[in-house]
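Chain by chain, the residues:
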Amino acid sequence: MGENFYVTTPIYYVNDSPHLGHAYTTVACDALVRFRRLDGQKVLFVTGTDEHGQKVENSARAAGMDPQAFCDRVSRTFRAMNALVGIDEHRFVRTTEDRHIRCATELWRRIDAHGDIYLGKYGYWYSVRDEAPYDESELIDGKAPTGAEVEWVEEENYFFRLSAWQDRLMEFYDANPDFIGPAARRNEVMSFVKSGLRDLSISRTSFTWGIPVPNDSKHIMYVWFEALSVYLTGVGFPDTDGADYRDFWPCDLHMVGKDIIRFHCVYWPAMLLAAGVPVTERVFGHGWWTVEGRKMSKSLGNFITPKALIDKYGLDPVRYFMLRELPFGSDGDFSHRAMVNRINGDLANDLGNLAQRVLSMIQRYCEGRVPAPGTIAPPDDALMAVAHALHGKLRQEIGELAFHRALEILWQAVGDANRYVDEQAPWALNKSDPSRRDTVLYMLAETIRHLAILIQPVMPGSAGRLLDQLAVPAHARDFKALAAHPLAAGTPLPKPEGVFPRYVEEGT
Ligand code: MSP
């Protein structure tokens with residue numbers, strides 16, 4: 001594990017308002033960012049908004065607004081989403097900012113200087129909704145494979161000589177087997193490249209809302225061409241002597257949805273190779289959510305905003321659900337029933353009850369102070385071994401972006417701790433064997449401390465409250481503290497309060 005880590009979300013189009021899908025990508029990155037920071041790495045986290053292109057220009061017009069004012073307004077709603085879903089320190093980049101325009105312009109220049117940009121004639125089917133061109137052969141019943149309407153466009157455009165990079169890309173994928181995850185996406189991308197690459201049209205003249213092409217301002221850059229370069233804007237490119245570029249480039253991970261894998265795994269590495277800039281280490285394509293079994297859409301009335309979700313269920317349960325409910329990389333369904341099951345099962349019954357039971361017994365039997373452990377018996381050792389193994393196991397799973405498995409491992413430990421409470425029955429030892437009672441309660445409190453420290457990346461607020469109840473000081477909440485700062489006997493603890501309330505259906 002290197003010292004520095006750079007991760008990005010896609011930058012979100014400002015023609016749409018934030019929804020469950022955006023929150024998902026952002027929360028997954030945030031959990032990863034928090035995990036890495038708690039694990040001692042220096043992390044740069046870049047997110048932002050994608051503000052150029054015909055789709056945005058059209059939306060601004062429909063709203064009766066000037067495109068820049070429109071972008072300012074919608075971009076703010078994405079910033080607000082970040083605050084709402086509780087994301088840690090990050091850098092927010094907008095593609096209408098000067099620093100981005102400078103970056104994209106320089107990247108264009110470098111690719112051009114390498115001889116990979118030329119002026120040509122181009123006719124193609126274009127979907128404004130997808131901001132993507134399609135081949136005749138890709139159309140289904142006259143529409144894009146995504147179902148979007150397409151129109152025939154003919155222009156004189158600049159082209160990126162993508163075809164020239166086909167072999168280099170294949171070599172690159174072979175030499176970097178971890179570049180694309182999960183494996184199914186890697187196969188998809190490799191067969192797409194193997195089937196032959198065409199040059200990519202990278203400028204437009206039919207509208208004006210974009211970054212001008214250097215030395216030919218009749219043209220603006222194709223929105224994807226400049227949007228991808230945002231990842232370099234995030235580290236201050238073209239200032240390659242700057243600390244951010246030196247510390248964080250090449251980027252460690254672009255987290256993206258499966259729908260935009262081709263842009264990130266074919267076009268982007270080819271652009272970087274052509275510009276002579278090192279390529280990102282890894283791109284991971286996560287799955288898509290449906291809502292109550294159907295594709296989310298405003299017209300179906302199942303469009304979920306992050307705000308509605310959080311108002312209803314609370315922030316941490318939503319973050320937990322997103323990362324626990326489906327294997328990261330697969331598609332899944334968001335349903336009220338599944339959400340309530342997780343809240344009342346995993347959170348309230350399993351972890352919530354464990355903490356509440358143990359902390360209340362400490363309050364009652366040990367005068368509200370961390371008890372001193374006495375002689376250690378084999379079941380105590382076994383529970384401690386489970387707790388101490390968690391960090392290593394989680395590091396492995398989070399390294400593979402298997403958030404669901406990381407949470408499964410934590411909840412196995414919650415199950416072990418609950419079984420240990422039942423078997424050791426500290427309430428029955430209260431009078432008969434206070435020393436054994438104290439040992440058992442100490443082991444449990446220590447296990448809860450491990451669990452609370454390790455769930456911080458996913459549920460920072462609730463984990464923080466658990467750690468408050470164990471009187472763990474702020475400087476002893478990172479992963480180093482797991483082994484370095486065990487609970488000290490005699491520490492006074494505040495009165496316990498439930499951290500994971502049950503969800504009660506309205507009207508019951
Ligand atoms: N602007 C481009 C990205 C440019 S990156 C240089 C874009 N923006 S987007 O706003 O349309 O989508 C952003 C992300 O949201 C994508 O990763 C997409 O996969 C994700 N999601 C959109 N709807 C989703 C679901 N229903 N479920 C999960 N993620 C989804 O694409």
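Note on numbering: residues in each chain are counted from 1, in written sequence order. Local features in this predicted model are restricted to residues of pLDDT 70 or higher, and side-chain atom pairs are both shown and tallied only at a pLDDT of 80 or more, whereas totals for entire chains, interfaces and linings draw on every residue. Hydrogens and waters are ignored; side-chain quantities use all the structure's heavy atoms.

J.: I'd like to hear about the packing of aromatic side chains, residue by residue, with values.
T.: Each Phe, Tyr or Trp ring, with Trp reduced to its six-membered ring, pairs with another whose centre is within 6.5 Å; inter-plane angles below 30 degrees give stacked pairs, above 60 give edge-to-face pairs, and intermediate values give tilted ones. The final tally for this structure, using the stated rule, is 25 aromatic pairs. Between Trp108 and Tyr158 the ring centres are 5.8 Å apart and the planes differ by 80°, which places this aromatic pair in the edge-to-face class. Of this pair, Trp108 sits in helix α4 (residues 98-113) while Tyr158 is found in strand β7 (residues 151-160), placing the two residues 50 residues apart along the sequence. Per residue, the accessibility class of Trp108 equals that of Tyr158, and both read buried. Between the aromatic rings of Tyr320 and Trp411, the centroid separation amounts to 4.9 Å while the plane-to-plane angle is 45°, which identifies the pairing as tilted. One end of the pair, Tyr320, is in helix α12 (residues 315-325); the other, Trp411, is in helix α15 (residues 403-424), with 91 residues separating them in the sequence. To qualify as a helix, a DSSP run of H or I must reach at least 4 residues; to qualify as a strand, a run of E must reach at least 2; elements of each kind are numbered from the N terminus. Buried, partly exposed and exposed residues are distinguished by accessible area as a fraction of the type maximum, computed with a 1.4 Å probe on protein chains only: under 20%, between the cut-offs, and over 50%, respectively.

J.: Account for the side chain of His450, naming residues and giving values.
T.: Here His450 is to be found in helix α17 (residues 434-455). Exposure remark for His450: the relative accessible area of 1% places this residue in the buried category. Here the side chain of His450 touches Ala387 through a polar contact of 3.5 Å, landing on its backbone oxygen. Here, two residues are considered to be in contact whenever any of their heavy atoms come within 4.5 Å of each other. Residue contacts for His450: discarding those within four places in its chain leaves Ala387, His388 and Leu482. For this analysis, a polar contact is any N or O atom pair within 3.5 Å, provided that within protein one partner can donate a hydrogen and the other can accept it, and provided that sequence-adjacent residues contribute only side-chain to side-chain pairs.

J.: Break down the site of the ligand for me, with residues and values.
T.: The immediate surroundings of the ligand are formed by 22 residues, with Ile11, Asp50, Gly257, Asp259 and Trp289 found nearest. Interatomic distance of 3.3 Å between a side-chain N/O atom of His22 and an oxygen atom of the ligand. In the model, an oxygen atom of the ligand is placed 2.6 Å from a nitrogen or oxygen of the Asp259 side chain. Within the complex, the protein chains bury 94% of what would otherwise be the 680 Å² of accessible surface of the ligand. At three residues, the largest contribution of residues to the shell around the ligand is made by helix α7 (residues 223-228). Residue proximity to a molecule or strand is established when one non-hydrogen atom of the residue lies within 4 Å of it. Reported accessibility uses the Shrake-Rupley method at a 1.4 Å probe radius. Residues are deemed covered only where the shown protein chains occlude them.

J.: Account for the packing of α12 against α15, naming residues and giving values.
T.: The contact between α12 and α15 brings their axes to 7 Å, and the two run at 105°. With respect to α15, the element α12 is oriented roughly perpendicular. For the pair α12 and α15, contact is made by Tyr320, Leu323 and Arg324 and by Phe403, His404, Leu407, Glu408 and Trp411, respectively. Across the contact of α12 with α15, the residue classes tally to five nonpolar, one polar and two charged. Axes, fitted as lines to C-alpha atoms, cover a helix only where it is in contact. Angles between the N-to-C directions of the axes lie from 0 to 180 degrees. If an angle is under 35 degrees, it is roughly parallel; if it is over 145, roughly antiparallel; if it lies from 65 to 115, roughly perpendicular; otherwise it is oblique. Three residue categories are used. Nonpolar comprises Ala, Val, Leu, Ile, Met, Phe, Trp, Tyr, Cys and Pro, charged comprises Asp, Glu, Lys and Arg, and polar comprises the others, including Gly.

J.: Can you tell me about helix α14 (residues 378-399), naming the residues and giving the values?
T.: By this rule the span expected of a helix is its residue count minus one, scaled by 1.5 Å. Between the first and last C-alpha of α14 there are 32 Å, a value that for 22 residues agrees with the 32 Å anticipated at 1.5 Å per step. Asp380, Leu383, Met384, Ala387, Leu390, His391, Leu394, Glu397 and Ile398 are the residues of α14 that are buried. Residues of α14 that are buried make contact with α1 (20-38), α15, α17 and α19 (480-484). Of the residues trailing α14, Leu401 is marked for its positive phi of about 60°.

J.: Could you give an account of the nonpolar core, naming the residues involved and the relevant values?
T.: Residues belong to a common nonpolar core when they are buried Ala, Val, Leu, Ile, Met, Phe, Trp, Tyr or Cys residues joined through side-chain atoms within 4.5 Å. Residues Phe334, Phe403, Trp411 and Leu444 are the most contacted members of the largest nonpolar core, which totals 107 residues. Ranked by the residues each element gives to this core, the list is headed by helix α13 (residues 336-365), at 13 residues. Excluding residues that lie within four positions of it along the chain, Leu444 makes contacts with Leu354, Val358, Leu383, Ala417, Tyr420 and Val421. Membership of the second largest hydrophobic core comes to 75 residues, among which are Val150, Ala270, Val277 and Val279.

J.: I'd like a description of the sheet that holds strand β10 (residues 203-204), backed by residues and values.
T.: Strands sit in the order β10-β12-β11 across an open sheet of three strands; the sheet is antiparallel. The sheet is open, and its two borders are formed by β10 and β11 (212-213), each paired with just one other strand. When DSSP finds at least two bridges between two strands, those strands are taken to pair. Summarising the sheet, β11 and strand β12 (residues 216-221) pair through two bridges and their orientation is antiparallel. Across the sheet, the residue bridging to Pro212 is Ile220, located in β12.

J.: Any details on the domain arrangement of the protein chain? Residues and values, ideally.
T.: Partitioning the protein chain into domains gives domain 1 (4-116 + 161-286) and domain 2 (336-484). Of note, the centres of domain 1 and domain 2, computed from C-alpha atoms alone, are 40 Å apart. Listed by partner, the interface residues are eleven residues for domain 1 and 15 residues for domain 2. The junction of domain 1 with domain 2 conceals about 1,200 Å² of combined surface from both sides, 75% of it contributed by carbon and sulfur atoms. Of all residues in domain 1, Phe35, Leu38 and Asp39 give up the largest surface area on contact with domain 2, accounting jointly for 54% of the area buried on that side. A carboxyl oxygen of Asp or Glu within 4 Å of a side-chain nitrogen of Lys or Arg is what we treat as a salt bridge. At the boundary of domain 1 with domain 2, the tally comes to one salt bridge. Between Arg395 and Asp39 there is a salt bridge, with its nearest N and O atoms 2.8 Å apart. In this structure, the connection of domain 1 to domain 2 is made through three residue pairs in polar contact (both at pLDDT 80 or more). Those elements that place two or more of their residues in the side of domain 1 that touches domain 2 are α1 and β13 (253-257). No other element matches α1, which puts seven residues into the side of domain 1 that touches domain 2. Those domain boundaries reflect an automatic or database domain assignment. Accessible-area loss on putting two parts together, using a 1.4 Å probe and summing over both, is the definition of buried area adopted here.

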